[in-house]
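A look at the structure
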Amino acid sequence: MAIERDPNFPSDLDIQPLASASSDADARFDSVAQEGAIRTYGIAGRIWEASHAMLAYLDPESVMDFDPLPPTTTSPDSRHDITAIELGSGTGELGLQEVHATSRRYPTHILCSDLIYFPALLAPLLRSLLHLTSPPFVDEASQKPAVVILSYKMRSLVKETPFWTAFGLWFQFEPVLAKRRRNASSKEYHGEIEEGQLWTRFSPGDPTDETFVLVARRRPESLKWTIPEEDPPLLSGVGAYLSDLPKSDDQFEQLLLMGTDLS
């Protein structure tokens, strides 16, 4: 009888802690802390690169202007209460980003940082997102499910594509674009953009780094669809558009074909 191996401890596990991009990083998440966490939790003990992209997007003191605007923006016209769920946080570096939680019953945002990599976990991830954007987590009066914000680093597109082709059937999503503000020294939002700048896909690290921050919203009509109970039918598109036939979505493929520079 074969012994089932813990996916967090693959046979060739050889990973190093991720150095923080911030000089004042919390000691709970520094290299020493990660080394201990990796020994205890394996892959789940390391802080992964896409978490930095999420933190940079949510930073209310950012010198960048974003489209779509982050929920933490300091724009007077965009301030609102936030009730956020951090899904599958692992070591939880996103906990460093203070998000004001209120007594509201319904979540407004779901944060997903570097969760799309294990093929066996793609269907459970999609199922969790569907449940959290369905009643009873949605206000029946407003019928507005929580907005999903994903930071994603592409590692093996062949293995990760099944998530995107199924996810796009239930959610509409777009990449976060960014421009540097003209008044970049100020920590307040002025909405001023340096003349001649183009919107580019937001990736705060190496420009060649295939890291994305994506904002997704549940398709309104999908709230009436039946979510398959088994993982293979869910990833193959069964249930979407009230059909039991397999199907797929090409939003992510189109995003890749568009390239990184948008004007």
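Residues numbered from 1 in each chain as written. Predicted model: local features only at pLDDT ≥ 70, side-chain atom pairs only at ≥ 80, totals over all residues. Heavy atoms only, no water.

If you check an unreviewed UniProt entry, the chain appears there as Methyltransferase from Pycnoporus cinnabarinus.

Turning our eyes to something else, we now look at the sheet that holds strand E2 (residues 84-87). The sheet built from five strands is open, its strands ordered E2-E3-E4-E8-E5 with mixed pairing. Each of the sheet's edge strands pairs with one partner strand only, and the pair in question is E2 and strand E5 (171-175). For this sheet, the mean angle separating the axes of adjacent strands, direction not counted, is 20°. As paired strands, E2 and strand E3 (residues 109-113) are joined by four bridges and run parallel to one another. Looking at the pairing, Ala84 lines up with His109 of E3. (Pairing = 2+ DSSP bridges. Helix = DSSP H or I, 4+ residues; strand = E, 2+ residues; numbered from the N terminus. Axes fitted to C-alpha atoms, helices over the stretch in contact; angles between N-to-C directions.)

This paragraph deals with the confidence of the model for the chain. For the chain, the mean per-residue pLDDT works out to 78, and 63% of the residues sit at or above 70. Per-residue pLDDT, averaged within each element of the chain, yields its smallest value for helix H1 (residues 31-41) (64) and its largest for helix H5 (residues 231-235) (97). Below a pLDDT of 50 lies the segment residues 89-103, which in the model reaches 38 contacts outside its immediate sequence neighbourhood of four places, other chains included. Ignoring residues within four places in sequence, the model shows residues 186-194, a span with pLDDT below 50, making 22 contacts including any to other chains. (pLDDT = per-residue confidence, 0-100. Contact = heavy atoms within 4.5 Å.)

With that settled, the discussion passes to the pairing of E3. Within E3, five of the five residues are buried, which leaves the element mostly enclosed by the surrounding structure. Here E3 shows a buried face lined by His109, Leu111 and Ser113 and a second buried face lined by Ile110 and Cys112. In the sheet, E3 pairs with strand E4 (residues 147-153) via five bridges, with the strands oriented parallel. Looking at E4, one finds that Leu111 is bridged to Ile149. Chirality of the crossover, the property in question, places the unit of E3, helix H3 (residues 119-132) and E4 among those that are right-handed. (Buried < 20%, exposed > 50% of the residue type's maximum accessible area, 1.4 Å probe, protein only. Right-handed = clockwise from strand over helix to strand, strands pointing away.)

Empty space among the atoms becomes apparent when a probe as large as a water molecule is rolled across them. Considering all chains together, one arrives at two cavities of 30 Å³ or more under this definition. Lining the largest cavity are 10 residues, and of these Asp59, Pro60, Pro70, Thr73 and Arg181 sit closest to its centre. When its residues are assigned to classes, the lining of the largest cavity shows five nonpolar, three polar and two charged. (1 Å grid on protein atoms, 1.4 Å probe; cavity = no way out; pocket = protein on both sides within 12 Å on 5 of 7 lines; lining within 4 Å. Points joined across faces, edges and corners; volume = space filled by probe spheres on them. Nonpolar A, V, L, I, M, F, W, Y, C, P; charged D, E, K, R; others polar.)

Turning to the pattern of salt bridges, a few remarks are in order. Pairs can form between side chains of opposite charge once their charged atoms are near each other. As enumerated under the stated definition, the model contains three salt bridges in all. Asp249 serves as the salt-bridge partner of Arg219, at 3.7 Å between the closest nitrogen and oxygen. Taken as a pair, Arg219 in the loop between strand E8 (211-218) and H5 and Asp249 in the loop between H5 and helix H6 (251-258) lie far apart in primary sequence, 30 residues in all. With a relative accessible area of 10%, Arg219 lands in the buried category. (Salt bridge = Lys/Arg side-chain N within 4 Å of Asp/Glu carboxyl O.)

Let us now look at the packing of H3 against helix H4 (residues 157-170). At a closest axis distance of 9 Å, the pairing of H3 and H4 adopts a crossing angle of 20°. In terms of axis orientation, H3 runs roughly parallel to H4. Crossing geometry of H3 relative to H4 is assigned as right-handed. Contacts from Pro119, Leu122, Leu125, Leu126, Leu129 and Leu130 in H3 reach Lys159, Glu160, Pro162, Phe163, Ala166, Phe167 and Trp170 in H4. (Parallel < 35°, antiparallel > 145°, perpendicular 65-115°, else oblique. Left-handed = near helix turned anticlockwise from the far one by under 90°.)

In this structure the tally under the stated criterion is 16 aromatic pairs. For the ring pair Phe66 and Phe202, a centre distance of 4.9 Å and an interplane angle of 75° mean the geometry is edge-to-face. Of this pair, Phe66 sits in strand E1 (residues 64-67) while Phe202 sits in the loop between strand E7 (200-201) and E8, and the two are 136 residues apart along the sequence. For the pair shown, Phe66 and Phe202 are each scored as buried. Note on Tyr117 and Phe118: the rings are 4.8 Å apart at their centroids and 55° apart in plane angle, and the pair reads as tilted. What makes Tyr117 partly exposed here is its relative accessible area of 25%. Through a chain of ring-to-ring contacts, three or more aromatic side chains come together here, namely Tyr152, Phe163, Trp164, Phe167, Phe171, Phe173, Phe212 and Phe252. Cation over ring: Arg201 sits above Phe212, and NZ or CZ is 4.2 Å from the ring centre. Above the plane of the ring of Phe171 lies Arg218, whose end atom (NZ or CZ) is 6.0 Å from the centre. (Phe/Tyr/Trp six-rings, centres within 6.5 Å; stacked < 30°, edge-to-face > 60°. Lys NZ or Arg CZ within 6 Å of the ring centre and 35° of its normal.)

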